[in-house]
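Understanding the architecture of this molecule
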Protein chains: 2
Amino acid sequence: MATSFQFTIIGFCLFSLLCFTITFAYVIPRFPSSMLHPALDVNLLSAQNGLYTAKFFTQTLDHFNYNPQSYQTFQQRYLINDTYWGGAKNNAPIFVYMGNEGDIEWFAQNTGFMFETAPYFKALLVFIEHRYYGKSFPFGGNEEVADANTTTVGYMSSTQALADYATLIIDLKNNLSATDSPVVVVGGSYGGMLAAWFRMKYPHVAIGALASSAPILQFLDLVSPYTYTDIITQDYKSESENCYKVIKGSWKQIEDTAQKPGGLEQLRKSFRICKHYISAGALVYWLQMALGSAAMTDYPTPSVFLAPLPAYPVRKMCEAIDNLSAVNETFTKLYAAANIFYNYTGTATCFFLDNTTAPLGGWDWQACTELIMPLGANNEGSMFPPYKWKLRDVEFYCKRVYHIQPRPHWITTEFGGHDIKRVLKRSGSNIIFFNGLRDPWSGGGVLKNISETIVAIVAKEGAHHVDLRFSTTEDPEWLKDIRKREIKIIANWISQYYQDLLNQ
Amino acid sequence: MATSFQFTIIGFCLFSLLCFTITFAYVIPRFPSSMLHPALDVNLLSAQNGLYTAKFFTQTLDHFNYNPQSYQTFQQRYLINDTYWGGAKNNAPIFVYMGNEGDIEWFAQNTGFMFETAPYFKALLVFIEHRYYGKSFPFGGNEEVADANTTTVGYMSSTQALADYATLIIDLKNNLSATDSPVVVVGGSYGGMLAAWFRMKYPHVAIGALASSAPILQFLDLVSPYTYTDIITQDYKSESENCYKVIKGSWKQIEDTAQKPGGLEQLRKSFRICKHYISAGALVYWLQMALGSAAMTDYPTPSVFLAPLPAYPVRKMCEAIDNLSAVNETFTKLYAAANIFYNYTGTATCFFLDNTTAPLGGWDWQACTELIMPLGANNEGSMFPPYKWKLRDVEFYCKRVYHIQPRPHWITTEFGGHDIKRVLKRSGSNIIFFNGLRDPWSGGGVLKNISETIVAIVAKEGAHHVDLRFSTTEDPEWLKDIRKREIKIIANWISQYYQDLLNQ
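Keep in mind it's a predicted model, so treat the numbers as computed, not measured.

1. A word on the domain arrangement of chain A
Residues and elements named next belong to chain A. By the assigned domains, chain A splits into domain 1 (61-217 + 421-503) and domain 2 (233-416). Taken together, the 38 residues of domain 1 in the interface contact 32 residues of domain 2. Both faces combined, the contact of domain 1 with domain 2 buries some 2900 Å², and carbon together with sulfur accounts for 64% of it. The interface formed by domain 1 and domain 2 includes 3 salt bridges. Between E414 and K201 there is a salt bridge, and its shortest N-O distance comes to 3.5 Å. Inspection of the region where domain 1 meets domain 2 yields 12 residue pairs in polar contact (both at pLDDT 80 or more). Those elements that place two or more of their residues in the side of domain 1 that touches domain 2 are α7 (150-153), α8 (158-175), α9 (190-201) and α20 (477-503).

Here you go:
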């Protein structure tokens, strides 16, 4: 066990069983939305209360080929809200959310920015679901059939998704007789990457993109694979040095305990793991998911994005650890921190560790085909055990689990990334890259202005796409200011567009 | 016969047999390179005399999907010439020709501009062959296998071709340790469309594009479908009113003659058609191909692009007609004109009309899947019989012949075209659109400057990508000037790139 443990311990390996049977485990990069399966918050906003209507569009399976299979279609879901729309006659704008790896309703509910700015812009709101997620499965709309094998799931790719969005938007505008309405695309996380790429590749469809927390540089040979874990480490360290040290010291203790007779039972007891399944790898993954997710969603106000969480969850988790400084036992402290992430409402009596191999499809498929995002842990200072990312580990893992060969260079071939400033300052425009520096994904983001129209908005105190969330009365000033800046920039795009329309 | 005749008479229907068995015939838009199968001019330039070396690159069959089939590879041919290259250490530029619908050697031989400017720019020259042409067939490199059915030929598309080019260029630069060498892409006709689209979609791979005679606007709802035949008409009319009238009056005479007993034999005799096959439709196609091709290649110097031709072939064809003004017989005049196009060397004693249905694959496949370019003939003034282009004719034809459903909106969805000035002035840069106004395809070209860096160079006297041809001592001043302007603009791109490289 110890042999493979060192390769899996940084924690993004869902497949704990596998981690202990193969020599190297692939570390899957994960956005929050691919990590958990959150329940939709129907109280906040939903189809039921009329804030959006769900529709379906007949979408082409394969935009880029012309073999018989490519002509198959599927029903792609999108949500629409025309409450505030100024209408086609006024060429009123259309804001389109580029759906990412999950149910589109969940993203709509966590993108209050669009609902709150729609009245000001008189904007039509559209949220398009990404193929192979939510209710948008090809092959009869059946997830099991669509994800059954590489032949059926093989049509899931970011380029197909972008072409879906272009096709749907153009069709929708035609149907609404709104061909001259400017479209602004919005997205967070992987959806933010799609929004940025969409503006680069389809400038004739969208006049601009708000790409929030979009790590478009988290690819091979672009940024250090250590930024992600370094930022998490820094987040905890910034709250308290003790917190950092307790966490850093815990992994070896877990490993040692797990190897002792009765050790797993001791761990089960310490961490309130239900009598279902336990392994050191699964436990470590469970803990590191809590630590990483809290860092990503380290919002200044209470949130229910991944789980019900207090404001500043990292601080709360460190406080839980620090408050137990009189206690010698590390596991008690670590459990207290994990309990804040997994059980803030206090209703859970025990926890289940993940014991399943993920099916084909979903984020794991994307992470094994094209979204190869190197993540490791630094030898120096990381609160996670050192892990040197290697492409061959990814290849080994993906071949073994999915029988698939990753294409690690495809994303940079298709969308660029190398020397991004030099390239985009001469060939692109109208993109906002927002990043919060407490977000571990910000290390792969665009953090400096590229040109007058491709701008980086950076919030030192911000977390993963915090700008897109519904505002609250407790929002700090910096967050209010950032949203104002974004609104101003988008307003300028639209105003310039109308001017261009008049002058043409 | 008469019923369908009116639909086929404008002449681009290769499938004369079919034209008479279906109600509507699809009018296939054709670039010169898709029309004839020219012999390579080995005297001019070839691999044999060492001016380029042919190499092969292992290319991915399907860049956009991840099903098992997509992982197949094929050998893609490219030609390379490093005679003038300043080398990787100097970041010397790389000029890449984006192969179009034919053998890449043929395009290399007709793109003297690259060979002649390479010494000045110290440029490496690369000519990449388009998949499913020349020697670059998937499925074992065998054209018959690759084009056998829609399952195998289905991977032929412009988006796949562009991704091929990006992949090959990046790999080549890595292999040459020339990652910082600027790439300028060049193309004529469909290759020019690919060059322009490449700069729009892959600005991280190419710093600029010389898109010569690239009718990127010859798509649905962008320009009139009549521009193409109107320009041909104008070409002949500009030489002589009599010439225009003789041609315009000939179609009905051919139709009437063909319907008389012994009429086909009379036509065979008049036009020296070999005792092989004749029909009114095939004869009309043969004549109109000569008229259209001469207009496209109405170069100011003798050429061997499509066939050995004199300088200003349209003028020569009209002179042949006008010189016979004393003769009453229209067919004699028309034959004299056709003889200049088909038999300038004077060696042919009779001519064969095309009697074959084109196989799957090649240009006809592209024209039935995505490159749906509306072409018709105006009721008013066209020297061709009126023909109103209808999408349903295309659909009917392509379904019947290829069992394929065209996607007429795909090109504008993927590459834009609507309001091109408004879009590209805000989102693109570094493209030269050259058009010669005697070229019938110029009607679908970009004829006005879009921005300071996306410029239209228009030559009133020019024909189809005349700027890219080898220079001759007889070149007129306007042509010399145009090439100088292009060189200056490209030099500015490269110079700005080096400046950006220094400043980053």
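Still more ground to cover, so stick around.
2. A word on helix α11 (residues 241-259) of chain A
Across its 19 residues, α11 of chain A extends 29 Å between first and last C-alpha, which sits within 8% of the 27 Å expected from 1.5 Å per residue. Along α11 of chain A, the sharpest change in direction is near 30° and occurs at S250 of chain A.

3. Focus: the sheet that holds strand β5 (residues 183-188) of chain A
Strand pairing in a sheet is mediated by backbone hydrogen bonds. Such pairs are either parallel or antiparallel. All names here are of chain A. Read from one edge to the other, the open sheet built from 8 strands follows the order β1-β2-β4-β3-β5-β6-β7-β8, with strand pairing classed as mixed. Single-partner strands in this sheet number two, and they are β1 (53-60) and β8 (454-459). The average undirected angle you get between the axes of adjacent strands in this sheet is 20°. In the sheet, strand β6 (residues 208-212) pairs with strand β7 (residues 431-436) via 4 bridges, with the strands oriented parallel. Its bridge partner being in β7, S212 is matched across the sheet by F434. Across the sheet, α20 touches β3 (94-98), β5, β6, β7 and β8, and the angle it forms with β8 is around 170°.

4. Notes on the packing of aromatic side chains
All names here are of chain A. Counting across every chain of the model gives 46 aromatic pairs over all chains. Among the aromatic residues, those joined into a cluster by ring pairs are Y97, W106, F107, F115, F127 and F470. A cation over a ring is seen here: R272 above Y335, with NZ or CZ 4.4 Å from the ring centre. Over the ring of Y312 we find R315, and its NZ or CZ is 4.5 Å from the ring centre.

5. As for the packing of α11 of chain A against helix α14 (residues 313-322) of chain A
Residue and element names in this part refer to chain A. At a closest axis distance of 9 Å, the pairing of α11 and α14 adopts a crossing angle of 80°. When the axis of α11 is compared with that of α14, the two are roughly perpendicular. Taken together, the residues of α14 that come into contact with α11 (itself represented by N242, C243, V246 and I247) are C318, I321 and D322. A class-by-class count of the residues in the contact of α11 with α14 yields 5 nonpolar, 1 polar and 1 charged.

6. Digging into the state of the cysteines
In this structure the tally under the stated criterion is 6 disulfides over all chains. Here C274 of chain A connects covalently by a disulfide to C350 of chain A, the sulfurs 1.9 Å from one another. One quick way to see it: the torsion about the S-S bond of C274 of chain A and C350 of chain A is about 100°, and its sign makes the bridge right-handed. Here the residue C274 of chain A occupies a position in the loop between α12 (263-270) and α13 (280-296), and C350 of chain A occupies one in the loop between α15 (330-342) and α16 (362-369), the gap between them amounting to 76 residues. A residue is classified by how much of its surface remains accessible, and C274 of chain A, at 5% relative accessible area, is buried. A sulfur-sulfur separation of 2.0 Å characterises the disulfide bridge that pairs C243 of chain B with C318 of chain B. Because the torsion about its S-S bond is -70°, the bridge between C243 of chain B and C318 of chain B counts as left-handed.

7. What to know about the sheet that holds strand β4 (residues 124-128) of chain B
Residues and elements named next belong to chain B. One open sheet holds the 8 strands; their spatial order is β1-β2-β4-β3-β5-β6-β7-β8, and the pairing between them is mixed. Two strands in the sheet have a free side with no partner beyond their single neighbour: β1 (53-60) and β8 (454-459). Ignoring strand direction, the axes of neighbouring strands in this sheet form an average angle of 20°. For strand β3 (residues 94-98) and strand β5 (residues 183-188), the ladder comprises 4 bridges, and the chain directions are parallel.

8. Points about the packing of helix α10 (residues 227-239) of chain A against α11 of chain A
Residue and element names in this part refer to chain A. Put simply, α10 and α11 touch, their axes get as near as 5 Å, and they point 130° apart. Our classification of the angle between α10 and α11 gives oblique. In this structure, α10 contributes T233, Y236 and K237 to the contact, and α11 contributes E241, C243, Y244 and I247. Partitioned by chemical class, the residues of the contact of α10 with α11 number 4 nonpolar, 1 polar and 2 charged.

9. Quick look at the interface of chain A and chain B
Interfaces are often sized by the accessible area lost when the parts come together. Taken residue by residue, the interface counts 55 residues in chain A and 55 residues in chain B. Of all residues in chain A, Y66, R407 and R422 of chain A bury the most surface against chain B, accounting for 19% of the area lost on that side. Taken together, the links from chain A to chain B amount to 5 salt bridges. Here R426 of chain A makes a salt bridge to D500 of chain B, at a shortest N to O gap of 2.7 Å. Taken together, the connections running from chain A to chain B amount to 35 residue pairs in polar contact (both at pLDDT 80 or more). Where the side of chain A that touches chain B is concerned, the elements lending two or more residues are α7, α8, α9, α16, α18 (410-415), α19 (420-427) and α20 of chain A. The greatest single-element share of the side of chain A that touches chain B, amounting to 6 residues, is contributed by α8 of chain A. Classifying every residue of the side of chain A that touches chain B gives 20 nonpolar, 23 polar and 12 charged.

So, how was this worked out
- Residues numbered from 1 in each chain as written.
- Chains lettered and ligands numbered in written order.
- Predicted model: local features only at pLDDT ≥ 70, side-chain atom pairs only at ≥ 80, totals over all residues.
- Heavy atoms only, no water.
- Domains from an automatic or database assignment.
- Contact = heavy atoms within 4.5 Å.
- Buried area = accessible area lost by both parts, 1.4 Å probe.
- Salt bridge = Lys/Arg side-chain N within 4 Å of Asp/Glu carboxyl O.
- Polar contact = N/O pair within 3.5 Å; in protein donor to acceptor, adjacent residues only side chain to side chain.
- Helix = DSSP H or I, 4+ residues; strand = E, 2+ residues; numbered from the N terminus.
- Expected span 1.5 Å × (residues − 1).
- Bend = angle between axes of the 7 residues up to and from the residue.
- Pairing = 2+ DSSP bridges.
- Axes fitted to C-alpha atoms, helices over the stretch in contact; angles between N-to-C directions.
- Phe/Tyr/Trp six-rings, centres within 6.5 Å; stacked < 30°, edge-to-face > 60°.
- Lys NZ or Arg CZ within 6 Å of the ring centre and 35° of its normal.
- Parallel < 35°, antiparallel > 145°, perpendicular 65-115°, else oblique.
- Nonpolar A, V, L, I, M, F, W, Y, C, P; charged D, E, K, R; others polar.
- Disulfide = S-S within 2.5 Å.
- Buried < 20%, exposed > 50% of the residue type's maximum accessible area, 1.4 Å probe, protein only.

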